[in-house]
Amino acid sequence: MNRTAPELLLPAGSLAHLRAAFDFGADAVYAGQPRYSLRARNNEFRLEQIAQGIAEAHARGKRFFVTSNLIAHNDKVRTYLRDLAPVVALRPDALIMADAGLIMLVREEMERGRWPEVPIHLSVQANTTNWAAVKFWQRAGVSRIILSRELSLEEVAQIRDACPDVELEVFVHGALCIAYSGRCLLSGYFNRRDPNQGTCTNACRWRYGTHAAEESDTGDVRPLSGQGASGGCGGGCAPEAAAQPQRLGADFDWAREQAEADAAPATTGDGRRHPLADRVWLLEESERPGELMPIMEDEHGTYILNSRDLRAVEYVERLVRIGVDSLKIEGRTKSVYYVARTAQVYRRAIDDAVAGRPFDPRLLVELEGLSNRGYTSGLLERRPAQDYQNYLSGHSAATRSQYVGDVLRVRADGWAEVATKNRFAVGDRLEVIHPAGNRVLTLTAMQDADGRAIEVAAGNPLRVWVPLGAPADGALLARLR
């Protein structure tokens, strides 16, 4: 039985995220240049920050991977080697790449001795789903494969058995995309911001209303009588479709439609068409009333594109036994609190699994304290499709605790200066989240920046003083509900 500890790999959208990840148990972090990774927004890593991040990681005995995983268009191929050369010179611990052409160009530079040797990790964007593809990429000079999120635990184990001499990495926590391994076109369609170039607007998370529609003989999509809307239709509505916006008509019954759908197999089963497959719908995004966008859809519910978040902490022990080399957490645009919490929880899960201790269900409760859209194990375990989609809420909801502040410093008397993030008050139960261990206390007093007694910190941005004692330097505070 394999009991070697896998690497715990955390996202770093900034140097503050990097430090939190390492403080709370990560073995490595990943970050990328905005132009060549899939995180152009909320990303502070230019060359100077990459250099500092690599230096800080190596000083701690940790690893720093540079994400360079866009699927490049010609213009970025033209500048790619020029812009990547100074990054490679900094000796990151690996490059995370997806584009076969760019991998070829980088390998050529290394093989000719122009660049130092840097391991290449194949991004999940490359959609590796079988052992033959793993062997192909291994022969191309790739040292680690980040497996597709569409694989089950059994398939991961089969790949491990067939490919024992290549590193394998698996995603265990974070947002899931409705597209195959993140190759989504929604943001580009709605906003002309290409997700595969790093500028995703997360259109799948928006709140949509649904309008019944019909397609004319000329291919125009227009609302059914009495259900029209003014404004644009994403390029698909006929110009004469210009009535006041409404929700679905009184004669429309989702329950009836779904019952009809459930009575017939989907096309993915035996090839017969789904009864809703020929129906046409118009979507109306909540922030753009009156702008109807045509879409073919056979699911029900308001948030038809919104996936639940991946959570696989309960499968860490199985992944350790399989022999996966790295467990990866998604979230370069998430908060420092998210990074610290997930690092701490998954560190404990890995340590327990390696030591042979049973899974601690309290870890599930701690992850519930993070803002999330509901959790799923994704495709690691085969379950009905409705388990993957969140039809109840299109926004994140923290169900157990709320991130309320960062501890900036602690005085000798145990009072701590806190930069507030959300509201909290005297009498609240606070969790002090610290690398040395977490603890819960009831807040007994609070002072403003001038030392005056107050009862409530109204929210961000404020500086307040609270009695926490030690250890608390650098801690994060959460209010328990």
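Residues numbered from 1 in each chain as written. Predicted model: local features only at pLDDT ≥ 70, side-chain atom pairs only at ≥ 80, totals over all residues. Heavy atoms only, no water.

**Quick notes on the pattern of salt bridges**
To keep things clear, this is the line we draw: We define a salt bridge as a contact between a side-chain nitrogen of Lys or Arg and a carboxyl oxygen of Asp or Glu at a distance within 4 Å. Helix and strand definitions here come from DSSP, where helices need a minimum of 4 consecutive H or I residues and strands a minimum of 2 consecutive E residues; each element is numbered from the N-terminal end. Relative accessibility decides the category of a residue: with a 1.4 Å probe and only protein chains considered, values under 20% of the type maximum give buried, values over 50% give exposed, and everything between is partly exposed.
Inspection of every chain in the model, using the stated rule, returns 30 salt bridges. Residue Lys328 is joined to Glu169 by a salt bridge in which the shortest nitrogen-to-oxygen separation is 3.3 Å. Linking Lys328 in strand β13 (residues 326-329) with Glu169 in strand β7 (residues 167-174), this pair joins segments that are 159 residues apart in sequence. Close ionic contact of Arg452 with Asp448 constitutes a salt bridge, the shortest N to O distance being 3.1 Å. Taking the relative accessible area as the measure of exposure, Arg452 reaches 51% and is therefore exposed. One continuous salt-bridge network, built from bridges that share partners, spans Glu7, Arg63, Arg144, Glu167, Glu169 and Lys328.

**Observations regarding the pairing of strand β22 (residues 476-480)**
What counts, and what does not: By this definition, two strands are paired if DSSP reports at least two bridges between them.
Along β22, 4 of the 5 residues are buried, which leaves the element largely enclosed by surrounding structure. Sheet topology note: the strand β15 (residues 401-410)/β22 ladder contains 5 bridges and is antiparallel. In the strand pairing of β22, Ser401 is matched with Leu480. Taken together, the 4 bridges between strand β18 (residues 429-433) and β22 define a ladder with antiparallel strand orientation. Following the sheet pairing, Leu430 is matched in β22 by Arg479.

**What to know about helix α1 (residues 15-23)**
Stated formally: Note on definitions: a residue-residue contact is assigned when non-hydrogen atoms from the two residues lie within 4.5 Å. What qualifies as a polar contact is a pair of N or O atoms within 3.5 Å, subject to a donor-acceptor requirement within protein and to the restriction that residues adjacent in sequence count only when both atoms come from side chains.
All buried positions along α1 are accounted for by Leu15, His17, Leu18, Ala20, Ala21 and Phe22. On its buried face, α1 is in contact with β1 (7-11), β2 (28-31), α2 (47-59), β3 (63-68) and α11 (336-355). Here α1 starts with a cap whose side-chain oxygen sits 3.3 Å from the backbone nitrogen of Ala16, and that cap is Ser14. One or two steps after α1, the chain reaches Gly25, where phi turns positive at roughly 120°.

**So, α11**
Our working definition: In this analysis, the expected span of each helix is defined as 1.5 Å times one less than the number of residues it contains.
For α11, spanning 20 residues, the distance from its first C-alpha to its last is 28 Å, which sits close to the expected 28 Å at 1.5 Å a residue. Summarising burial for α11: 15 of the 20 residues are buried, a large majority. With its phi angle positive at about 80°, Gly356 sits one or two positions after the end of α11.

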